[in-house]
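Chain and residue survey
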Amino acid sequence: MNFCSACGKPVSQKIPPGDNRLRFVCGSCQVIHYHNPKIVAGCIPQWEDQILLCRRAIEPKSGLWTFPAGFMEIGESAEQAALRETVEEARADVVLTTLHSVLSLPRIGQVYIVFAGKMLSKRFEAGIESLEVQLFRLSDIPWDQIAFTVVSEALQHYVEDVARGSFTLHVASVPDQIVS
Ligand code: ZN
């Protein structure tokens, strides 16, 4: 960050009084600009013994597979964001059945909130951010073509849950690369 988004004057990094981290502070209006983690909300949509995955049409990791997920918008809840992303990326209507995993990516300042969902019909198609959308049996998940470590982590846990016959909340930290 170079300039204050409040007044347009230059900012510099300093530790504000009572704080213990470097922040961007405006030298003119003194506003402190906090940079905090972003939340990505996602859904693993299920239809019978299959799950719905999308092949990304956008960078990063274009051409690789993920479940529907994306950054939350101001004004929506995590559930609404997960449902919106599922419609936008896979044109699928789901009901969220459980909170499945909360995965932190401390290195890049993101937190994934992933729900499990049931598709209300077998209808789906590629949204604008997807090259294609496809149902996969759990034994056919394309593990070597998954877009992000965090997506693999959630899917692996999902497969274990289904094998065991119950879902448990999975909370973990994951090293990962950039996500859009
Ligand atoms: Zn300012």
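Everything numeric here is computed off the predicted structure, so don't read it as measured data.

A short note on the nonpolar core
In this structure, Ile51, Leu53, Phe67, Tyr112, Val150 and Leu155 are the most contacted members of the largest nonpolar core, which totals 24 residues. For this core, the elements supplying multiple residues, two or more each, are strand S4 (38-47), strand S5 (50-56), strand S8 (94-105), strand S9 (110-119) and helix H2 (149-164). Within the second largest apolar cluster, 16 residues are counted, among which are Ala41, Cys43, Phe115 and Val133.

Structural notes on H2
In this model, H2 (16 residues) spans 23 Å end to end at C-alpha, consistent with the 22 Å of a helix rising 1.5 Å per residue. Buried residues of H2: Val150, Val151, Ser152, Ala154, Leu155, His157, Tyr158 and Asp161, and no others. In the stretch just after H2, Gly165 is the one whose phi turns positive, near 90 degrees.

Structural notes on the coordination of the zinc ion
The protein atoms that coordinate the zinc ion are Cys4 (SG), Cys7 (SG), Cys26 (SG) and Cys29 (SG), at distances spanning 2.3 to 2.4 Å. Its four donor atoms give the zinc ion angles of 97 to 118 degrees at the centre, a pattern that matches the tetrahedral case. Counting along the primary sequence, the residues that act as donors to the zinc ion give the motif C-x2-C-x18-C-x2-C. For Cys4, a relative accessible area of 4% puts it in the buried group.

Some points on unusual backbone geometry
As a rule of thumb, non-glycine residues mostly have phi less than zero, and peptide bonds are mostly trans rather than cis. A cis amide bond links Glu59 to the next residue, Pro60, at an omega of -5 degrees. The phi dihedral of Glu48 falls on the positive side, at around 50 degrees, and the residue is not glycine. Here Glu48 shows up in the loop between S4 and S5. Among the residues examined, Glu48 registers a relative accessible area of 60% and is labelled exposed. The phi dihedral of Arg91 is positive, around 50 degrees, even though this residue is not glycine. When you line up the elements, Arg91 lands in the loop between helix H1 (78-90) and S8. On the basis of relative accessibility, which here comes to 40%, the residue Arg91 falls in the partly exposed class.

Points about the domain arrangement of the chain
Along its sequence, the chain is organised into domain 1 (1-35) and domain 2 (38-173). One C-alpha centre belongs to domain 1, the other to domain 2, and the line joining them spans 36 Å.

Concerning H1
With 13 residues, H1 extends 18 Å between its outermost C-alpha atoms, agreeing within 8% with the 18 Å of an ideal straight helix rising 1.5 Å per residue. By the burial criterion, the buried members of H1 are Ala78, Ala81, Ala82, Glu85, Thr86, Glu89 and Ala90. Projected down its long axis, H1 shows its buried positions confined to an angular sector of 135 degrees, all on one face. As for H1, its buried residues are in contact with S4, S5, strand S7 (69-71), S8, S9 and strand S10 (130-137). One or two positions beyond H1, positive phi appears at Arg91, with a value near 50 degrees.

Reading the values: rules and limits
Residues numbered from 1 in each chain as written. Predicted model: local features only at pLDDT ≥ 70, side-chain atom pairs only at ≥ 80, totals over all residues. Heavy atoms only, no water. Core = buried A, V, L, I, M, F, W, Y, C linked by side-chain atoms within 4.5 Å. Buried < 20%, exposed > 50% of the residue type's maximum accessible area, 1.4 Å probe, protein only. Helix = DSSP H or I, 4+ residues; strand = E, 2+ residues; numbered from the N terminus. Expected span 1.5 Å × (residues − 1). Donors = N, O, S within 2.8 Å, 3.2 Å for Na, K, Ca; no water. Tetrahedral: all angles 85-135°; square planar, octahedral: opposite > 155°, others 65-115°. Domains from an automatic or database assignment. Arc of directions from axis to C-beta. Contact = heavy atoms within 4.5 Å.

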